[in-house]
Amino acid sequence: MIDARLPSRRPPRVLAVFSFRHDAHLVPALLRNIAPLVDGWISFDDRASQDLFSNETTRRLALLEAARDAGAEWALAVDPDERFDWLTRFSMRRLMDGSADAYWFRLREMYSPRHFRTDGVWGRKTQARLLRLTGGIVKPEGQLHVPWQACIGAQRIEPAGHDLYHLKMIAPLRRVARADLYERLDPERRMQPMGYRYLADDAGMALQRVPLWRSYWPRHVDDGGLWMPPPHPSP
C-alpha cells in the first residue's frame, strides 16, 4: 500500500521514497533524519505481504512512479534502517542543480551506533540514492540486488560527497540473519556471485568512528531486535 506526505502549497522538487515491513518501528526516526533533505515522502507499506521477501524491484518502481506522478523531479531513496549524514542538507540544492542522472553515497555499515566497518569490501561500498526522475522510469531485470539507478536507466552517476549509515549490521544476530535470508533467496548466487556468508564474518574486522562533523541525527540507540524474518532453523 502506497502512502504519501506531500507539500500542500507547491509542487515537490524532491521526495523521499522508502518501503517498510519488519522495520516499521524505525520509520519515525528515519523521517526525522530526512526532513531537512526533502519536500515530502512516499512510502510502501509491505506488512501485508505473505512472501518471505516481496519483489524488491516491483516495490521500487511503484515508489518512483508515485513520486514522478506527484510532480517530483528527484527521488531520494532510503530504507528505514539508514541515515544520511547531517551535512547532506547543505548539498541537496547543488546536487539537484547538477547534470548527473543519479548521485552515489558512501555506504557505511555500522557495527555500533558510532562505528562503521572499513576493512576489505566494507570500505568500498557505495549506493546511488538521489535519482533524477525527469528522464523516465524503466523496468530492469531481476528481483533482488537491482540498484536503484537501474530503475531510471541512469547513464551519468556522480558522487554526492556524503555518507549513508546502515544500522542493520550493528547487532551480530542481524548479521547472521541477513546472510541467511539472502542465501535462501539466492541459493545459487545468481544475483551476487560472491555470496552472502561474508555478511556474518567478523574476521579481520576494522572499525572507524563516525567523525563528529559528519555524524547523523537522530542518535541511534539499538534495540537488539531482528528487523527482518528470523533465521532459517538448522536441519
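Above this text you will find the structure in question.
Residues numbered from 1 in each chain as written. Predicted model: local features only at pLDDT ≥ 70, side-chain atom pairs only at ≥ 80, totals over all residues. Heavy atoms only, no water.

Focus: the overall build of the protein
Thinking step 1. Helix and strand content of the protein: 4 helices and 10 strands.
Thinking step 2. The order of helices and strands in the protein, counted from the N terminus, is β-β-α-β-α-β-β-α-β-β-β-β-α-β.
Thinking step 3. Computed over the C-alpha atoms, the radius of gyration of the protein is 17 Å, within 12% of the 18 Å expected from 2.2 N^0.38 for a compact globule of 235 residues.
Thinking step 4. Taking the principal axes of its C-alpha atoms as reference, the protein extends roughly 55 × 40 × 35 Å.
Thinking step 5. Counting over 235 residues, the protein shows a buried share of 51%.
Thinking step 6. When the accessible area of the protein is evaluated, it comes to approximately 11600 Å², of which 52% is carbon and sulfur surface.
Thinking step 7. Placing the 35 positive and 29 negative side-chain charges of the protein at their respective mean positions leaves the two points 5 Å apart. (Helix = DSSP H or I, 4+ residues; strand = E, 2+ residues; numbered from the N terminus. Rg over C-alpha atoms; globule rule 2.2 N^0.38 Å. Buried < 20%, exposed > 50% of the residue type's maximum accessible area, 1.4 Å probe, protein only. Areas by Shrake-Rupley, 256 points an atom, 1.4 Å probe, with all protein chains shown as cover. Lys, Arg positive; Asp, Glu negative; His and termini not counted. Charge placed at Lys NZ, Arg CZ, Asp CG, Glu CD.)

Some points on the pairing of strand β6 (residues 102–112)
Thinking step 1. With 9 of 11 residues buried, β6 is to be regarded as a mostly interior element.
Thinking step 2. Across 5 bridges, the pairing between β6 and strand β8 (residues 126–132) is antiparallel. Bridging across to β8, Trp104 finds its partner in Ala128.
Thinking step 3. Pairing geometry for β6 and strand β9 (residues 157–166), over 7 bridges, is parallel. If you follow Glu109 over to β9, its bridge partner there is His166.
Thinking step 4. Relative to strand β7 (residues 115–117), β6 is paired through 2 bridges, and the arrangement is antiparallel. Residue pairing in the sheet places Ser112 in a bridge with His115 of β7.
Thinking step 5. Taking the residues that link successive antiparallel strands as the turn, the β6-β7 hairpin has 2 residues. (Pairing = 2+ DSSP bridges.)

Details of helix α2 (residues 56–69)
Think of an α-helix as turning once every 3.6 residues; residues three or four places apart then point the same way.
Thinking step 1. Between its terminal C-alpha atoms α2 stretches 20 Å, which fits the 20 Å expected from 14 residues at 1.5 Å a residue.
Thinking step 2. For α2, every residue scored as buried is listed here: Glu56, Thr57, Arg59, Arg60, Leu61, Leu63, Leu64, Ala66 and Ala67.
Thinking step 3. Those residues of α2 that are buried lie in contact with β1 (2–5), β2 (14–20), β3 (40–45), β4 (74–77) and β8.
Thinking step 4. Put simply, Asn55 is the residue that caps the front of α2, since its side-chain oxygen is 3.0 Å from the backbone nitrogen of Thr57. (Expected span 1.5 Å × (residues − 1). Contact = heavy atoms within 4.5 Å. Polar contact = N/O pair within 3.5 Å; in protein donor to acceptor, adjacent residues only side chain to side chain.)

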